[in-house]
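Per-entry structural report
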Amino acid sequence: MSTLTQTAIFSKKASVWTVVGLVVLVILLIFLGIGKRVKNALSPPKPPPATVAFGKLPRMDLSEGIKPRAGIVYHLETITGDFPTLPAVAKVFGVHKTEPSFGTLDLIKNKLANERFESDPIEVRPGVLKFVDSAREDRTITVDIAKGDFLLESDYYTDAQILASRPRSVEEAIERARGFFQALGIDLVDFGKDKVSTKFMRIDGSSLTEATSLAGANLIQVIFSREDLDGIPVIWPEDHEPKFYALVSNQQVAEARVETLPIEKFKFATYPLKDPAQAFEELKKGAAAFNRPSTTSAVVIIDVTIGYVESTKNAEFLQPVYFFRGEDNLIAYVPAVDDAWVE
């Protein structure tokens, strides 16, 4: 029969070995973790295979962008002098197919009444209606009932009040534009404040040109761009033809357009991408579009990244493209999905 002293000695030894065991276990876990990180650094695990859940994709329509002129010579002058290492796969997002439902027209009428569009609409074509401002016949808004897209127009070129005035501030123009869209029930959640840009615009006879300062402008164009998708930027097909903007005077919104895609951010599939070098060869052959006109016969490419172009010409899927970035914010874009997955 053990004595109290023997029991105490045994307990003390057991405690020591327990502590030693725990220390050894912690050290092993640390070394295993470091070993795993070293292994991943030396030999990174392969990315998960593309899901290609949408099957073969329709070929992208680039017609809303600017077609590159024939004979342009492209020079690759990135920081490394070569193509950067880019992901081998990227997400393709589904686009929601909108259908008019019972009560849609009444809902649209109620929202338009907030901006004085209270008259009975005129049917431009099936599903597309035009409403007239009850206080100004020259101010109209044309609405696609199913998509929710619209175009606001007015004769601001001949509006004496706009011609004789100047916008008060950029901040006021942005707030007026946001308030206008919110009054019409346009959801701005995917078009954050940090994605809003502006241009000073001046009326020159029957044309609209960009002014260099607020003092020389009659209007401010407030342009809304979509938030990045998983850190990847989304642009409009052409810089000078944004699909979501408002043209704001010092008193009201003179022109506005909303032509966006209802992108389903949580309905996507991953697809393999063609090599950037292959996309560059396609760019050289003219199988691309520009976001703005190129005025030179030679284009220097200073960076290559992955991006998206939001175009209603591609209303089924939002597909990734390669951005070949030049100087002065020029972007040439080429479809990026591997040709094996394109119809």
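Above: the structure in question.
The structure reproduced in this document is the subject of the present report. (Residues numbered from 1 in each chain as written. Predicted model: local features only at pLDDT ≥ 70, side-chain atom pairs only at ≥ 80, totals over all residues. Heavy atoms only, no water.)

1. Things to note about the packing of aromatic side chains
The tally for this structure, following the rule as stated, stands at 15 aromatic pairs. Look at Phe83 and Phe280: their rings are 5.6 Å apart centre to centre, the planes differ by 70°, and that puts the pair in the edge-to-face class. Here Phe280 lies in helix H5 (residues 276–284) and Phe83 lies in the loop between strand S1 (73–76) and strand S2 (89–95), a separation of 197 residues in the sequence. A relative accessible area of 22% places Phe83 in the partly exposed class. An aromatic cluster is defined as three or more aromatic residues linked by ring pairs; in this entry it consists of Phe150, Phe180, Phe181, Phe191, Phe224 and Phe244. Positioned above the aromatic ring of Phe268 is the side chain of Lys91, whose terminal nitrogen or guanidinium carbon lies 4.0 Å from the ring centre. (Phe/Tyr/Trp six-rings, centres within 6.5 Å; stacked < 30°, edge-to-face > 60°. Helix = DSSP H or I, 4+ residues; strand = E, 2+ residues; numbered from the N terminus. Buried < 20%, exposed > 50% of the residue type's maximum accessible area, 1.4 Å probe, protein only. Lys NZ or Arg CZ within 6 Å of the ring centre and 35° of its normal.)

2. A closer look at the sheet that holds strand S16 (residues 303–309)
Across the sheet, which stays open at both edges, the five strands sit in the order S10-S16-S18-S19-S14 with mixed pairing between neighbours. For this open sheet the edge positions go to strand S10 (234–235) and strand S14 (289–290), each flanked by a neighbour on one side alone. Taken strand by strand, H5 contacts S14, strand S18 (320–325) and strand S19 (331–335), and its axis lies near 70° from that of S18. (Pairing = 2+ DSSP bridges. Contact = heavy atoms within 4.5 Å. Axes fitted to C-alpha atoms, helices over the stretch in contact; angles between N-to-C directions.)

3. Concerning the sheet that holds strand S6 (residues 150–153)
The pairing of strands in a sheet happens through backbone hydrogen bonds and is either parallel or antiparallel. Read from one edge of the open sheet, nine strands run S3-S4-S5-S6-S12-S11-S9-S7-S8, paired in antiparallel fashion. Edge positions in the sheet fall to strand S3 (122–125) and strand S8 (207–210), since each has one partner strand and no second. Strand-to-strand twist across the sheet, computed as the mean angle between neighbouring axes with direction ignored, equals 25°. Relative to S6, strand S5 (residues 140–144) is paired through four bridges, and the arrangement is antiparallel. Paired with Thr140 across the strands is Glu153, a residue of S6. With respect to the sheet, helix H2 (residues 104–112) is in contact with strand S4 (128–132) and S5, its orientation differing from that of S4 by roughly 25°. Against the sheet, helix H4 (residues 170–183) contacts S6, strand S7 (196–204), strand S9 (219–224), strand S11 (244–248) and strand S12 (253–258), and its axis sits at roughly 55° relative to S9.

4. A look at the pairing of S5
In terms of burial, S5 is largely enclosed, as five of its five residues are buried. The alternating pattern of S5 places Thr140, Thr142 and Asp144 and Ile141 and Val143 on opposite faces, both of which are buried. In this structure, S4 lies alongside S5, joined through five bridges in antiparallel fashion. What sits directly across from Val128, in S5, is Asp144.

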